[in-house]
Amino acid sequence: MSDRETIEAEIKAFIEAAQDVSVEQAAERMGARGGLRRAGGSELVGPCLFCGGEDAFSINTAKNAWNCRKVGYGGRDGISLAAHIEGLPQNLDRREDFLAACGAALGEAVPDGAEESEEDRAARQKKRAAAQQKAQRDAKKREADSNRYREASRNRARERLEARRKVFDGFGFLQYLALRLGCAPDDLIAMDVLPPFAGTIPDEPYFHTRKNRKVAEKLGAWAAMALPVIDAGGATIGAHITWMDETGQKGRPSIPNPDKPHETLPTKKMMGSHKGALIPLLGFVSGPDGTIAPRAGCDRLVTGEGIENTLALALAEAGTALFARTLYAAAATLGNLTGKADPKSGFSHPTLKTPKGRPQRIAGPVPHPDFLHEAMPLPAGVTDVVQAGDGDSEAAMTLSAMMRGETRWRLLGAQSACTLWPQMPDGQGGFPGCGFDWCDVIGGAVAPATEEKETV
Ligand SMILES: [Zn+2]
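Parameters and conventions
- Residues numbered from 1 in each chain as written.
- Predicted model: local features only at pLDDT ≥ 70, side-chain atom pairs only at ≥ 80, totals over all residues.
- Helix = DSSP H or I, 4+ residues; strand = E, 2+ residues; numbered from the N terminus.
- Buried ≥ 20, exposed ≤ 12 C-beta atoms within 10 Å, placed from the backbone.
- Contact = placed C-beta atoms within 7 Å.
- Arc of directions from axis to C-beta.
- Core = buried A, V, L, I, M, F, W, Y, C linked by C-beta atoms within 7 Å.
- Pairing = 2+ DSSP bridges.
- Axes fitted to C-alpha atoms, helices over the stretch in contact; angles between N-to-C directions.
- Domains from an automatic or database assignment.

1. Let's talk about the overall build of the protein
Secondary structure summary: the protein contains twelve helices and 20 strands in total. Among the 456 residues that make up the protein, the fraction classed as buried is 37%. In the protein, once contacts between residues fewer than 6 apart in sequence are set aside, the share between residues at least 24 apart is 63%.

Printed below as a string of structure tokens:
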């Protein structure tokens, strides 16, 4: 063999070896594996070593695939992954680029005689440095943009809260809550079950963005109940709005969806942020610097997804010794109440099927260890948590979520956590999927099964 032939044979073997490198091996070799964490199954997620970005980069060890959301592409071999981390172009058209990627995937030098020239290498490294700098600048800009957007939306929420009034001449939050809880407004006041931070916005417009339209249109205006959403430190970061209508079902207006006239739009909305936050209902007082803080001496938390369901339990406990040492707070969403599930604990629903006929997947009962703090916080001093179960949601999903919530509260430091399922005085119900919620129990009437499903 001539020298040239020897070199070509060597390079061929080198390329073949690189083609055998798996995505996981290449990630390991490039140091891109260490920062990744399991995101369920064989998926690993984390920052991209080239582009940065919190959860931008993922590899799937079973599928031998990788993906970077920052650049919007991925690949199914170790060479393409090594090329991306090295800052080489996606199409490895140039032989030098391709061999450099093979070398990076193998962790070996490119064989003599096939190496890129000094100039080529310098040019490639310069390009890589420039690309990295640009990626960092872009990431910073995106972060600044999203911070600005978040701050603007929090400010809008605070503005709406400014507009709320305690006293309202008409069907206000006091009348609405009394209707939902099946008692007289005066009783709510006498029993101290009126959330001190709630108020009525007299004429709150309802905006909705129709399908394929850019601008939201106003569908009407009603009086609305507004409550602050606070973070773990007690700062107001959002608002929870409930539009009200004395003549509507459950005291709320019926707003037909312009795109689907047979469906109605939600009459509860969140503004600003709500993830990792809570809606303070009872037991909270004004703290320093405009914050809202748990009242001293409260070591018990009663919480539920919805405001009304949680207040129904408060009404049942009003006047007792328990009531005096309890904080009542709503989570706004089930996910914010129970936290994210460990995907490994997910399971197939025993009977429900997807539209494609596959078993419905249910989020499991085990909390995701990486996201324990990305849901409702455990207020300082609380040792016992009681979750208000909602009996008119799907049984398997709700039960699994509430079990996950109980475990999460214990992992956050609570000594005990349990779920109370709505049960009628005659013993009816008391289990997930029983068909009614705590408002129905306290209000004394079982809701008809055809009633619209609540989402917030
Ligand atoms: Zn990337």
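2. Quick look at helix H2 (residues 23-30)
Within H2, burial applies to Val23, Glu24, Ala26 and Ala27. Summarising the axial view, the buried residues of H2 lie within an arc of 165°, below the 170-degree limit, and thus occupy one face. Buried residues along H2 sit against strand S3 (52-60), strand S4 (65-68), helix H3 (78-86) and helix H4 (95-106).

3. Observations regarding the nonpolar core
Counting residues in hydrophobic clusters, the biggest one holds 71 residues, and the most contacted among them are Ala224, Ile279, Leu281, Leu311, Ala312 and Ala314. Filtering out sequence-adjacent residues up to four positions away, Ala314 remains in contact with Val193, Leu281, Leu282, Val302 and Tyr328.

4. Thoughts on the environment of Arg76
By the element assignment, Arg76 lies in the loop between strand S5 (73-75) and H3. Those residues in contact with Arg76 that lie beyond four places of it in its chain are Asn64 and Ala65.

5. Some points on the pairing of S4
In this structure, S3 lies alongside S4, joined through four bridges in antiparallel fashion. Bridging across to S4, Asn60 finds its partner in Ala65. Hairpin remark: S3 followed by S4, antiparallel, with four residues in the connecting loop; positive phi at Asn64, about 50°. Sheet topology note: the S4/S5 ladder contains three bridges and is antiparallel. Residue Cys68 lies in a different strand from S5, and its bridge partner there is Tyr73. Connecting the antiparallel pair S4 and S5 is a turn made up of four residues, with Gly72 showing a positive phi of about 80°.

6. A few points about the sheet that holds S4
One open sheet accounts for five strands, arranged S1-S2-S3-S4-S5; its pairing is antiparallel. Of all the strands in the sheet, just strand S1 (37-38) and S5 have a single pairing partner and so form its edges.

7. Quick word on the environment of Thr326
Residue placement: Thr326 occurs in strand S16 (residues 326-330). By C-beta crowding, Thr326 is classed as buried, having 23 other C-beta atoms within 10 Å. Taking the C-alpha atoms as reference points, Thr326 and Gly443, separated by 117 residues in sequence, lie 22 Å from one another. Here Thr326 is in contact with Gly283, Cys298, Arg300, Val302 and Glu317, once residues within four sequence places are set aside.

8. Re the sheet that holds strand S6 (residues 199-208)
Spatially, four strands are ordered S6-S7-S8-S11 in an open sheet, and the strand pairing comes out antiparallel. The two strands at the open ends of the sheet, each matched to only one other strand, are S6 and strand S11 (268-272). When strand polarity is set aside, the average angle formed by the axes of neighbouring strands in this sheet is 40°. In this structure, S6 lies alongside strand S7 (residues 217-230), joined through eight bridges in antiparallel fashion. Within S7, the position partnered with Thr200 by the bridge is Met225.

9. Some remarks on the domain arrangement of the protein
Domain boundaries assigned for the protein yield domain 1 (3-139) and domain 2 (163-443). Once you take the C-alpha centre of each, domain 1 and domain 2 turn out to be 47 Å apart.

10. As for the pairing of S3
Taken together, the five bridges between strand S2 (residues 43-48) and S3 define a ladder with antiparallel strand orientation. If you follow Glu43 over to S3, its bridge partner there is Asn60.

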